Amino acid sequence: MCTNLSSVIFLLFAVSSCLPFKALNSTTYIKAKDTFILGNNEHGRFYVKVTNTSKQEITLWQCPISGGKHSPFVLTGLSTAKINVEKNTSLKFENASSGQVAVKLKVKGDVGLSMGYKN
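Our subject in this report is the structure included herewith. If you're wondering where the values come from, they're calculated on a predicted model, not measured in any experiment. (Residues numbered from 1 in each chain as written. Predicted model: local features only at pLDDT ≥ 70, side-chain atom pairs only at ≥ 80, totals over all residues. Heavy atoms only, no water.)

Observations concerning the side chain of Ser-97
Part 1 of the reasoning: Relative to the assigned elements, Ser-97 resides in the loop between strand E7 (89–95) and strand E8 (101–109).
Part 2 of the reasoning: Of the polar contacts made by the side chain of Ser-97, one reaches the backbone oxygen of Gly-99; its length is 2.9 Å.
Part 3 of the reasoning: Filtering out sequence-adjacent residues up to four positions away, Ser-97 remains in contact with Ala-32, Lys-33 and Gln-56. (Helix = DSSP H or I, 4+ residues; strand = E, 2+ residues; numbered from the N terminus. Polar contact = N/O pair within 3.5 Å; in protein donor to acceptor, adjacent residues only side chain to side chain. Contact = heavy atoms within 4.5 Å.)

This is the structure:
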């Protein structure tokens, strides 16, 4: 019984100590004429600091999981933007160029987000 209680206390401590650090850092590579989608699942609000480390521009769209897309944003090469994304809305990165692009992502808020590619 004491071992189970100790395990539960340790687990609660471990989980609660990580709560202030709810962030996701990633460098994502998007092939030419390809799309990367962040958050195409049910989730809360999140915030993304996006740095385009390539010379080509990319277009970002907010896409509610119920359908549609809005708020297009063109991120030029070698630039950074901060984007607030609503609950249950994905962020779509479209690479219309003929070369691969790389973006650095720092995500805060709800980080339980799906990630995938779509061409």
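Still more to cover.
Details of the sheet that holds strand E2 (residues 34–38)
Part 1 of the reasoning: With antiparallel pairing, the 5 strands of this open sheet are ordered in space as E5-E4-E7-E2-E9. Of all strands in the sheet, those bounded by a partner on one side alone are strand E5 (70–75) and strand E9 (115–118). This sheet shows a mean twist of 20° between the axes of neighbouring strands, independent of strand direction.
Part 2 of the reasoning: In the sheet, E2 pairs with E9 via 4 bridges, with the strands oriented antiparallel. Opposite Ile-37, over in E9, you have Gly-116 as the bridge partner. (Pairing = 2+ DSSP bridges. Axes fitted to C-alpha atoms, helices over the stretch in contact; angles between N-to-C directions.)

Topic: a positive patch on the surface
Part 1 of the reasoning: On the surface, Lys-49, Lys-82, Lys-106 and Lys-108 cluster together to form a positively charged patch.
Part 2 of the reasoning: Inspection of the secondary structure assignment puts Lys-106 in strand E8. (Patch = residues over 30% accessible without salt bridge, like charges linked within 9 Å, V, L, I, M, F, W, Y side chains within 5 Å. Areas by Shrake-Rupley, 256 points an atom, 1.4 Å probe, with all protein chains shown as cover. Salt bridge = Lys/Arg side-chain N within 4 Å of Asp/Glu carboxyl O. Lys, Arg positive; Asp, Glu negative; His and termini not counted. Charge placed at Lys NZ, Arg CZ, Asp CG, Glu CD.)

Quick notes on the sheet that holds E8
Part 1 of the reasoning: In space, the 4 strands of this open sheet follow the order E1-E8-E3-E6, with antiparallel pairing throughout. The strands lining the two open edges of the sheet, one partner per strand, are strand E1 (23–30) and strand E6 (79–85). The mean angle between the axes of side-by-side strands here comes to 20°, regardless of whether they run parallel or antiparallel.
Part 2 of the reasoning: Inspection of the sheet shows strand E3 (residues 46–52) paired to E6 by 7 bridges, in the antiparallel sense. Among the inter-strand pairings, Lys-49 is bridged to a residue of E6, identified as Lys-82.

Regarding the nonpolar core
Part 1 of the reasoning: If you look at the biggest cluster of nonpolar residues, it comprises 19 residues, and the most contacted ones within it are Leu-38, Val-48, Val-50, Leu-60, Phe-93 and Leu-105.
Part 2 of the reasoning: Breaking this core down by element, the ones donating at least two residues are E2, E3, strand E4 (58–64), E6, E7 and E8.
Part 3 of the reasoning: When residues of this core are assigned to their parent elements, the largest contribution, 4 residues, is made by E8.
Part 4 of the reasoning: Apart from the residues within four sequence positions on either side, Leu-38 is in contact with Phe-46, Val-48, Ser-90, Leu-91, Phe-93, Val-107, Leu-113, Ser-114 and Met-115. (Core = buried A, V, L, I, M, F, W, Y, C linked by side-chain atoms within 4.5 Å. Buried < 20%, exposed > 50% of the residue type's maximum accessible area, 1.4 Å probe, protein only.)

Function cannot be inferred from these measures alone, as they are strictly geometric.
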